[in-house]
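In case you want the letters, here they are:
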Amino acid sequence: ETGVTQTPRHLVMGMTNKKSLKCEQHLGHNAMYWYKQSAKKPLELMFVYNFKEQTENNSVPSRFSPECPNSSHLFLHLHTLQPEDSALYLCASSPGGGGTDTQYFGPGTRLTVL
Amino acid sequence: QQQVKQSPQSLIVQKGGISIINCAYENTAFDYFPWYQQFPGKGPALLIAIRPDVSEKKEGRFTISFNKSAKQFSLHIMDSQPGDSATYFCAASMGSGGGADGLTFGKGTHLIIQP
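Throughout, a residue's number is its position along its own chain's written sequence, starting from 1. To read the labels, note that chains go from A and ligands from 1, taken in the order they are written. Per-residue local features are limited, in this predicted model, to residues with pLDDT of at least 70; the limit for side-chain atom pairs, both in listing and counting, is 80 or more; totals at the level of whole chains, interfaces and linings are taken over all residues. Side-chain measures here rest on the full set of heavy atoms in the structure, leaving out hydrogens and waters.

Asks: Would you take a moment to explain the overall build of chain B for this structure?
Replies: Secondary structure elements are taken from DSSP: a helix is a run of H or I of four residues or more, a strand is a run of E of two residues or more, and numbering for both begins at the N terminus. The helix and strand inventory of chain B stands at zero helices and eleven strands. When its helices and strands are written in sequence order, chain B yields β-β-β-β-β-β-β-β-β-β-β. Computation of the radius of gyration draws on C-alpha atoms, with the globule rule given as 2.2 Å multiplied by the number of residues to the power 0.38. Relative to the 2.2 N^0.38 estimate, which gives 13 Å for 115 residues, the radius of gyration of chain B is 14 Å and therefore close to what a compact globule would have. Taking the principal axes of the C-alpha coordinates as reference, chain B spans close to 45 × 30 × 25 Å. Sorting the 115 residues of chain B into buried and exposed places 44% on the buried side. Only heavy atoms enter the contact rule, under which two residues are in contact if any of them lie within 4.5 Å. The contacts of chain B with a sequence gap of at least 6 include a subset with a gap of at least 24, amounting to 54%. Surface accessibility in these figures is a Shrake-Rupley result with a 1.4 Å probe; residues are shielded only by whichever protein chains are displayed. Summed over all atoms, the accessible surface of chain B reaches about 5,300 Å², with 50% contributed by carbon and sulfur. Positive charges come from Lys and Arg alone, negative charges from Asp and Glu alone, with His and the N- and C-terminal ends not counted. Positions of charges follow a simple convention, taking NZ of Lys, CZ of Arg, CG of Asp or CD of Glu. Computed over 10 positive and 8 negative side-chain charges, the separation of the two mean positions in chain B equals 4 Å. A simple rule labels every residue: compare its accessible area, found with a 1.4 Å probe on the protein chains alone, to the largest value its type can have, and call it buried under 20%, exposed over 50%, or partly exposed in between.

This is how it looks when you write it as structure tokens:
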């Protein structure tokens, strides 16, 4: 499971803080994704990057800001979050170029907003 | 609006029994249907997937049954084992779009296999 790594694994932040989540994939993939996993709710797609270009923003509030500097790295910048943003944030990657490509998930970052 | 509905929310099965999880979708543009397995502290991992041009796909003890007209698909786990205890998610995407497509997930089923 070292194909997709996420740091930090746990993060506690106040509503006025600014923090960033990092995802790195070692699989040579070209597509990367951010998902949000909350209790009692389906995994929610947040952002999709394909060949470093953002191809989907699933109506995510602007307090979440993604960045994809290259096809191996994906960041999620967080600022002025709300307590309801507390969740497990999952990064995934896929070879890219096709929706039937298997998506490989990282272990997630457990975020708590106080 | 939930586009993929999954049931049951939780399931307890005796060792050696058959575990069955059901999903229904609304968007007829979906044409790729994977199932993911998630253990505590881990990210989801692909278990098995199907395209709508076939009605069934089997890999070892895991089988997907697909009913295109009813817009339903299900996961069957034969000879369920304690190691199968996990959360299972069905998902769907428009796989033929040509680009990278995010997955639309069901809410998940927490499966417990009792020894």
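Asks: Quick question: what am I supposed to make of the pattern of salt bridges here?
Replies: Oppositely charged side chains can form a pair if their charged atoms are brought close together. Think of a salt bridge as a Lys or Arg side-chain nitrogen and an Asp or Glu carboxyl oxygen that are within 4 Å of each other. Within this structure, the stated rule accounts for five salt bridges over all chains. Between A:Arg63 and A:Asp85 there is a salt bridge, with its nearest N and O atoms 2.7 Å apart. Of this pair, A:Arg63 sits in the loop between strand E6 (53–57) and strand E7 (64–70) while A:Asp85 sits in the loop between strand E8 (73–79) and strand E9 (87–94), and the two are 22 residues apart along the sequence. You'll find A:Arg63 and A:Asp85 in the same group, each marked buried. B:Asp31 is the salt-bridge partner of B:Arg51, the closest N and O atoms lying 3.5 Å from each other. Of the two residues, B:Arg51 sits in the loop between strand E5 (45–50) and strand E6 (56–59) while B:Asp31 sits in the loop between strand E3 (19–25) and strand E4 (33–38), which places them 20 residues apart along the sequence.

Asks: Which parts of the structure should I look at to understand a nonpolar patch on the surface?
Replies: All names here are of chain B. Nonpolar side chains collect at one region of the surface, where Ile 18, Ile 20 and Met 78 lie side by side and expose about 240 Å² of accessible area between them. Mapped onto the secondary structure, Ile 18 falls in the loop between strand E2 (10–14) and E3. Take Ile 18: its relative accessible area is 46%, and that puts it in the partly exposed class. What goes into a patch is any residue over 30% in relative accessible area without a salt bridge, connected to like charges within 9 Å or, for nonpolar side chains (Val, Leu, Ile, Met, Phe, Trp, Tyr), within 5 Å.

Asks: It is not clear to me how the sheet that holds strand E1 (residues 4–7) of chain A should be interpreted in this structure. Could you clarify?
Replies: Residues and elements named next belong to chain A. The pairing criterion is simple: DSSP has to find at least two bridges between the two strands. Overall, antiparallel pairing links the four strands, which are arranged E1-E3-E8-E7 in an open sheet. At either margin of the open sheet sits one strand with a lone partner, and together these are E1 and E7. Going from strand to strand, the sheet's axes swing by 20 degrees on average, the running direction of each strand aside. Lines fitted to C-alpha atoms define the axes, with helix axes restricted to the stretch in contact, and inter-axis angles between N-to-C directions lie between 0 and 180 degrees.

Asks: Where do I start with the sheet that holds strand E8 (residues 72–77) of chain B in this structure?
Replies: What holds strands together in a sheet is hydrogen bonding between their backbones, with the strands either parallel or antiparallel. All names here are of chain B. Strand order across the open sheet formed by five strands is E1-E3-E8-E7-E6, with antiparallel pairing between neighbours. Each edge of the open sheet is held by one strand with a lone partner, namely strand E1 (4–7) and E6. Within this sheet the neighbouring strands show an average axis-to-axis angle of 15 degrees, counted without direction. Bridge count between strand E7 (residues 62–67) and E8: six bridges; the pairing is antiparallel. The residue of E8 that forms the bridge with Phe 66 is Phe 73.

Asks: Please clarify how the nonpolar core should be interpreted in this entry.
Replies: Across soluble globular proteins, you tend to see nonpolar side chains buried next to one another. Residues B:Phe33, B:Trp35, B:Phe73, B:Leu75 and B:Tyr88 are the most contacted members of the largest nonpolar core, which totals 24 residues. Sorting the residues of this core by element identifies E2, E3, E4, E5, E7, E8, strand E9 (86–92) and strand E11 (109–114) of chain B as the ones contributing at least two each. With near-sequence residues (within four places) excluded, B:Tyr88 lies in contact with B:Gln6, B:Ile21, B:Tyr36, B:Gln37, B:Leu47, B:Leu75, B:Ile77, B:Gly108, B:Thr109 and B:Leu111. Among the nonpolar cores identified, the runner-up in size contains 22 residues, and A:Met46, A:Leu76, A:Leu78 and A:Ala87 belong to it. Among the buried residues, those of types Ala, Val, Leu, Ile, Met, Phe, Trp, Tyr and Cys that are joined through side-chain atoms within 4.5 Å form a nonpolar core.

Asks: Can you help me understand the interface of chain A and chain B in this one?
Replies: One widely used convention gives an interface's size as the accessible area the parts lose upon coming together. Each side of the interface is counted separately: chain A has 26 residues, and chain B has 22 residues. Across the chain A-chain B interface, the total number found is zero salt bridges. The term polar contact refers here to a pair of N or O atoms within 3.5 Å; inside protein, the definition further demands a hydrogen-donor-capable atom paired with an acceptor-capable atom, and it admits residues adjacent in sequence only when both atoms are side-chain atoms. Inspection of the region where chain A meets chain B yields four residue pairs in polar contact (both at pLDDT 80 or more). Elements represented by at least two residues in the side of chain A that touches chain B include exactly strand E4 (31–37), strand E5 (44–50), E6 and E9 of chain A. Considering every element that reaches the side of chain A that touches chain B, the biggest residue donor is E4(A), with four residues. Note on residue classes: Ala, Val, Leu, Ile, Met, Phe, Trp, Tyr, Cys and Pro are nonpolar, Asp, Glu, Lys and Arg are charged, and everything else, Gly too, is polar. Looking at side-chain class alone, the side of chain A that touches chain B contains eleven nonpolar, ten polar and five charged residues.

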